[in-house]
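# Structural overview for review
So the chains spell out like this:
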Amino acid sequence: MAGRPAEVYRRFGEGDAAKASPLYARIAVAVSESDEALRAIEQAPARKRQPALILAALHDLALSGQSPALAAAYAAGGDDAVGVAVETLVRSADDVAGIAGRRVVRGNEGGRGAVLYPAVAQVADGRAVGLIDVGCSAGLNLTVDRVGIAYSNGQYLGDETSPVQLTCSVVGDRALPTRAMPEVVTRIGVDVDPVDVTDPEESRWLRACVPPDQPEKLARLEAELALATSAPPELVQGDVVEMLPEALSRVPKDALPVVTTTWALSRLSIEERLRFLHRLDEAATDRPVAWVSVEGVGVAPAVPTLGDRRASGHSIIGLAVFEASTLRTEAVGRCWSQGRLMAWLADS
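Residues numbered from 1 in each chain as written. Predicted model: local features only at pLDDT ≥ 70, side-chain atom pairs only at ≥ 80, totals over all residues. Heavy atoms only, no water.

Quick look at the sheet that holds strand S5 (residues 184–191) now. Note: strands within a sheet are paired through backbone hydrogen bonds, in either parallel or antiparallel orientation. Strand order in the open sheet formed by eleven strands is S3-S2-S4-S11-S10-S9-S8-S7-S1-S5-S6, and the pairing between neighbours is mixed. A strand with exactly one partner marks an edge of an open sheet, and here the two such strands are strand S3 (156–158) and strand S6 (234–237). The mean angle between the axes of side-by-side strands here comes to 25 degrees, regardless of whether they run parallel or antiparallel. Sheet strands in contact with helix H13 (residues 270–283) are strand S1 (129–134), strand S7 (256–262), strand S8 (289–296) and strand S9 (315–323), and its direction is about 165 degrees off that of S8. (Pairing = 2+ DSSP bridges. Helix = DSSP H or I, 4+ residues; strand = E, 2+ residues; numbered from the N terminus. Axes fitted to C-alpha atoms, helices over the stretch in contact; angles between N-to-C directions. Contact = heavy atoms within 4.5 Å.)

Looking now at the packing of helix H5 (residues 51–64) against helix H7 (residues 80–91). Between H5 and H7, the shortest axis-to-axis distance is 11 Å and the interhelical angle comes to 90 degrees. For the element pair H5 / H7, the angle class is roughly perpendicular. Facing H5, whose interface residues are Ile54, Leu58 and Leu61, H7 presents Ala85, Thr88 and Leu89. The residue inventory of the contact of H5 with H7, partitioned by class, reads five nonpolar, one polar and no charged. (Parallel < 35°, antiparallel > 145°, perpendicular 65-115°, else oblique. Nonpolar A, V, L, I, M, F, W, Y, C, P; charged D, E, K, R; others polar.)

What follows covers the side chain of Arg187. Position of Arg187 among the secondary structure elements: in strand S5. We classify Arg187 as buried; its relative accessible area is 14%. Each residue touching Arg187, except ones within four places of it in the same chain, is listed here: Leu131, Leu142, Thr143, Asp145, Arg146, Ala231, Pro233 and Glu234. (Buried < 20%, exposed > 50% of the residue type's maximum accessible area, 1.4 Å probe, protein only.)

Attention now moves to the pairing of S9. Burial analysis of S9 places eight of its nine residues in the buried class, which makes it a mostly covered element. Of the pairings in the sheet, the one linking S8 to S9 comprises eight bridges and is antiparallel in character. Looking at S9, one finds that Gly296 is bridged to Ser315. With nine bridges joining them, S9 and strand S10 (residues 326–336) adopt antiparallel strand pairing.

Turning to helix H6 (residues 68–76), a few remarks are in order. Three or more residues of H6 are buried, namely Leu70, Ala73 and Tyr74. The buried residues of H6 occupy one face: seen down the axis, they fall within an arc of 100 degrees. Exposed residues on H6 whose side chains face more than 90 degrees from its buried face are Pro68, Ala75 and Ala76. Buried-residue contacts for H6 involve helix H3 (22–32), H5 and H7. Backbone geometry just after H6 places Gly77 at a positive phi near 75 degrees. (Arc of directions from axis to C-beta.)

The final tally for this structure, using the stated rule, is 20 salt bridges. Ionic pairing is found between Asp145 and Arg187, a salt bridge with its closest N-O pair at 2.6 Å. Residue Asp145 is located in the loop between S1 and strand S2 (148–151), and its partner Arg187 is located in strand S5; the two are separated by 42 residues in the primary sequence. The residue Arg334 makes a salt bridge to Asp308 at a minimum N-O spacing of 2.8 Å. With Arg334 in strand S10 and Asp308 in the loop between S8 and S9, this residue pair connects regions lying 26 residues apart in the sequence. (Salt bridge = Lys/Arg side-chain N within 4 Å of Asp/Glu carboxyl O.)

Okay, the environment of Gly13 next. Following the sequence through the fold, Gly13 ends up in helix H1 (residues 5–14). Take Gly13: its relative accessible area is 5%, and that puts it in the buried class. Linking Gly13 and Val86, residues 73 residues apart in sequence, is a C-alpha distance of 14 Å. Those residues in contact with Gly13, other than ones at most four positions away along the chain, are Ala18, Ala25, Ala28 and Val29.

Now for unusual backbone geometry. Within the chain, Asp125 stands out as a residue other than glycine whose phi angle is a positive 50 degrees. With respect to the secondary-structure elements, Asp125 resides in the loop between helix H9 (113–124) and S1. Exposure remark for Asp125: the relative accessible area of 52% places this residue in the exposed category. Phi at Gln338 is positive, roughly 55 degrees, even though this residue is not glycine. Of note, Gln338 is situated in the loop between S10 and strand S11 (341–344). Gln338 gets classed as partly exposed once you look at its relative accessible area, which sits at 35%.

With that settled, consider the packing of aromatic side chains. Applying the stated criterion to the full structure yields one aromatic pair. Centroid distance Phe276 to Trp291: 5.3 Å. Interplanar angle 70 degrees. Geometry classified as edge-to-face. With Phe276 in helix H13 and Trp291 in strand S8, this residue pair connects regions lying 15 residues apart in the sequence. For the pair Phe276 and Trp291, one class covers both residues: buried. (Phe/Tyr/Trp six-rings, centres within 6.5 Å; stacked < 30°, edge-to-face > 60°.)

Here it is as structure tokens:
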């Protein structure tokens, strides 16, 4: 954690958390002003002292029943929650450090279906598919065929009765493709450290990573977890490039394997990304293999960049089909804000 802890927590409170979670913003500033709280944070390993992780560990204590006072304060939502959070951190420093030491903050996967749905439907073109999400975390992307999505241009895709209803703003005047999502015959997640949504402790940690003053986000997560739990994916744990052939082999021969990556390849080196591409090519000797990528400009190898500059603040939605010795790639859109805003560019 770069900088002195007091400075880091104050910057977090006045910057990152200020808009996202007013409660966490106030707690972080209070921690920065408390010598006891700062000493408590030092119980955690040095690389595990960042505010988001420590605050999630505190939330986990509340959700697990280990800190009923904090749970009650969070539920009440008043100013007392700040003081109770700091007191709990000081009193339960070892517990907080233990949780932080074995966990990582899980980002919000939800909402990516708004971008993935039209892309997967487009590349599948009516064929039954086996979905493989690389860097799957909790596998919430693997329910893409079971959500409903309302777009700002008036289009609606997916299931109107689904408990998970997403919204997405559309830029430009090009309509999204109206192809229906094909049958998904298998769902496979590949990750170094995947989350088993059927494990109560694992799913509780996902909830703990949502600040308690964000009830709408928590409600959506609950709906997403319920949907994922009703048809849990197969999980393949390990290096995502090395384990990709194992995942592909689990897709029935009469289905089209569709690999999805959403901001997963940026965690890999250039050499690893090229090996990822090679793995897909190797798997396409006896049947086509499709890849839907949502990655920063220039991150996904072989996917056109539309002339956009790297680190331009948006991502490219790419489709690739590997078949025998050929590779067809297309950039079908751009998106911003983790899929909450998109522009479809391809012909529908």
